[in-house]
Amino acid sequence: MNPYILATLLFGLGLGTTITFASSHWLLAWMGLEINTLAIIPLMAQHHHPRAVEATTKYFLTQAAAAATLLFASITNAWLTGQWEIQQITHPLPTTMITLALALKIGLAPLHAWLPEVLHGLDLTTGLFLSTWQKLAPFALFLQIHPSNSTLLIILGLASTLIGGWGGLNQTQLRKILAYSSIAHLGWMILVLQFSPSLTLLTFLTYLIMTFSTFLVFKLNKSTNINTLGTSWTKAPALTALTPLILLSLGGLPPLTGFMPKWLILQELAKQGLAPTATLAALSALLSLYFYLRLSYAMTLTISPNNLTGTTPWRLPSTQLTYPLATSTAMTICLLPLTPAISALLTP
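It should be emphasised that the depicted structure is a prediction, and the values quoted were computed from it without experimental measurement. (Residues numbered from 1 in each chain as written. Predicted model: local features only at pLDDT ≥ 70, side-chain atom pairs only at ≥ 80, totals over all residues. Heavy atoms only, no water.)

Glancing now at the packing of aromatic side chains. The final tally for this structure, using the stated rule, is six aromatic pairs. For the pair Phe259 and Trp263, a centre-to-centre distance of 5.6 Å together with 10° between the ring planes defines the contact as stacked. Here the residue Phe259 and the residue Trp263 both occupy positions in helix H14 (residues 259-271), the gap between them amounting to four residues, near one helical turn. Ring-pair connections join several aromatic residues into one group, and the members of that group are Phe139, Phe142, Phe204 and Tyr207. (Phe/Tyr/Trp six-rings, centres within 6.5 Å; stacked < 30°, edge-to-face > 60°. Helix = DSSP H or I, 4+ residues; strand = E, 2+ residues; numbered from the N terminus.)

Structure follows, in structure tokens:
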């Protein structure tokens, strides 16, 4: 892609997200989301592969439906209450519609079906953008409206953690596994949103760091399915040894960073008298843990055939920058002892 066009599209991505962050009016927030969607579509379709075009079309249709629902809900809110302010949304009907529209935008279950299909059709770099950056603007709106419909949020959160766990069990494509992992993590964030927005923000930040390092590992190895992970020991032995720690951090095992948000969310849910919800969420985390363990096993405990295709002499060295991978991996593995400091920073 022409670097000028790429720069323009990335600027559009940043601008759309910033407009939604800064807006207090529903029309402006909607406009930011639309700019965001329109900027990522050429990035998704740049490879002219039929699967990429199909993924782009699916993404465009779902995002357009979500944006139309959001606009309709905000107009309904203005009609019922006379308010366009994001903070002033009080009527239950537009609140529910906006919650569902944002859930469709980020891919929460049961409105999740587009996410694994779309992510599977993209390359790993655009997939990383879709799994991290594209979630920022809708989450900013979620945090601003403070949805009061507690039952709906808990249903969305629990459905996402369960479907995110179940869906990834039978997959062999890494991008689909990462999509289901994303759905499960978003479920955890939504579960605690109404009780502790700062904890949702903390979970989101740790999710960004862990997903970033996982995508970069797969990109360095040029892996898109489980079978190709077996050759990674010949390309990057040290990274292959560290990757199970990154994956288990995504699964939420102590003493890794990913344990921190899960631990705090379970504690908060128990405080709010939602012990059954917390138990279900913890059990669904075991489902996710199984497929992270499966990836770890395929990568480190199986050795691919030691033939010409499985060894490295003819492979070109990777041109990927390793500083982002090194820093994100260190953060993915080592942040748990800093939990009090991070919680103090994010608590208003």
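On to the domain arrangement of the protein. For the protein, the domain assignment lists domain 1 (1-107) and domain 2 (149-305 + 320-347). One C-alpha centre belongs to domain 1, the other to domain 2, and the line joining them spans 25 Å. Taken together, the contacts link six residues of domain 1 with six residues of domain 2. Where domain 1 abuts domain 2, roughly 500 Å² becomes buried across the two surfaces, and 76% of that area is made up of carbon and sulfur atoms. The largest share of the area that domain 1 buries against domain 2 comes from Thr99, Ile106 and Gly107, three residues that together contribute 57% of it. Counting across the interface, domain 1 meets domain 2 through zero salt bridges. On inspection of domain 1 and its partner domain 2, the count reaches zero residue pairs in polar contact (both at pLDDT 80 or more). Looking at the side of domain 1 that touches domain 2 residue by residue, the class counts come to three nonpolar, three polar and no charged. (Domains from an automatic or database assignment. Contact = heavy atoms within 4.5 Å. Buried area = accessible area lost by both parts, 1.4 Å probe. Salt bridge = Lys/Arg side-chain N within 4 Å of Asp/Glu carboxyl O. Polar contact = N/O pair within 3.5 Å; in protein donor to acceptor, adjacent residues only side chain to side chain. Nonpolar A, V, L, I, M, F, W, Y, C, P; charged D, E, K, R; others polar.)

Take a nonpolar patch on the surface next. Judged by side-chain polarity, Met1, Ile5, Leu6 and Leu10 come together as a nonpolar surface patch covering roughly 330 Å² of accessible area. By the secondary structure assignment, Ile5 is in helix H1 (residues 3-22). Judged by relative accessible area, Ile5 falls into the partly exposed class, the value being 46%. (Patch = residues over 30% accessible without salt bridge, like charges linked within 9 Å, V, L, I, M, F, W, Y side chains within 5 Å. Areas by Shrake-Rupley, 256 points an atom, 1.4 Å probe, with all protein chains shown as cover. Buried < 20%, exposed > 50% of the residue type's maximum accessible area, 1.4 Å probe, protein only.)

Time to look at unusual backbone geometry. Along the chain, Ala109 connects to Pro110 via a cis peptide bond; the corresponding omega equals 5°. Put simply, Pro254 and Pro255 share a cis peptide bond, and its omega is 0°. Turning to its location among the elements, Pro255 is positioned in the loop between helix H13 (237-251) and H14. For His48, which is not glycine, the phi torsion reads 55° and is therefore positive. Relative to the elements of secondary structure, His48 occurs in the loop between helix H2 (26-44) and helix H3 (50-81). Its identity is not glycine, yet Lys222 carries a phi of approximately 55°, on the positive side. Counting through the fold element by element, Lys222 comes out in the loop between helix H10 (197-221) and helix H11 (226-229). We classify Lys222 as exposed; its relative accessible area is 61%.

Okay, the pattern of salt bridges next. Inspection of every chain in the model, using the stated rule, returns three salt bridges. Two residues, Lys58 and Glu117, come together in a salt bridge whose shortest N-O distance is 3.7 Å. Of this pair, Lys58 sits in helix H3 while Glu117 sits in helix H5 (residues 114-120); the two residues are 59 residues apart in sequence, bridging distant segments of the chain. A relative accessible area of 35% means that Glu117 is categorised as partly exposed. What emerges from the salt-bridge pattern is a single network uniting Glu54, Lys58, Glu117 and Lys176.

This next bit is on helix H9 (residues 174-192). Its 19 residues place the ends of H9 28 Å apart at the C-alpha level, agreeing with the 27 Å of an ideal helix rising 1.5 Å per residue. With 19 of 19 residues buried, H9 lies mostly within the body of the structure. (Expected span 1.5 Å × (residues − 1).)

Bringing the nonpolar core into the picture now. Counting 45 residues, the largest nonpolar core has Tyr59, Val118, Leu130, Val217, Phe218 and Leu295 as its most contacted members. There are two domains that each give this core at least three residues, and those are domain 1 (1-107) and domain 2 (149-305 + 320-347). Contact partners of Phe218, with chain neighbours within four places excluded, come to Leu124, Leu174, Leu178, Ser223, Leu229, Leu247 and Leu295. Counting residues in hydrophobic clusters, the runner-up holds 29 residues, among them Met97, Ile98, Leu193 and Phe204. (Core = buried A, V, L, I, M, F, W, Y, C linked by side-chain atoms within 4.5 Å.)

Between H14 and helix H17 (residues 339-346), whose axes approach to 11 Å, the crossing angle comes to 65°. Between H14 and H17, the interaxial angle falls into the category roughly perpendicular. When the axes of H14 and H17 are compared, the crossing they make is right-handed. Contact with H14, carried on its side by Met260, Trp263 and Leu264, involves Thr339, Ile342 and Ser343 of H17 and no other residues of that element. Residue composition of the contact of H14 with H17, grouped by class: four nonpolar, two polar and no charged. (Axes fitted to C-alpha atoms, helices over the stretch in contact; angles between N-to-C directions. Parallel < 35°, antiparallel > 145°, perpendicular 65-115°, else oblique. Left-handed = near helix turned anticlockwise from the far one by under 90°.)

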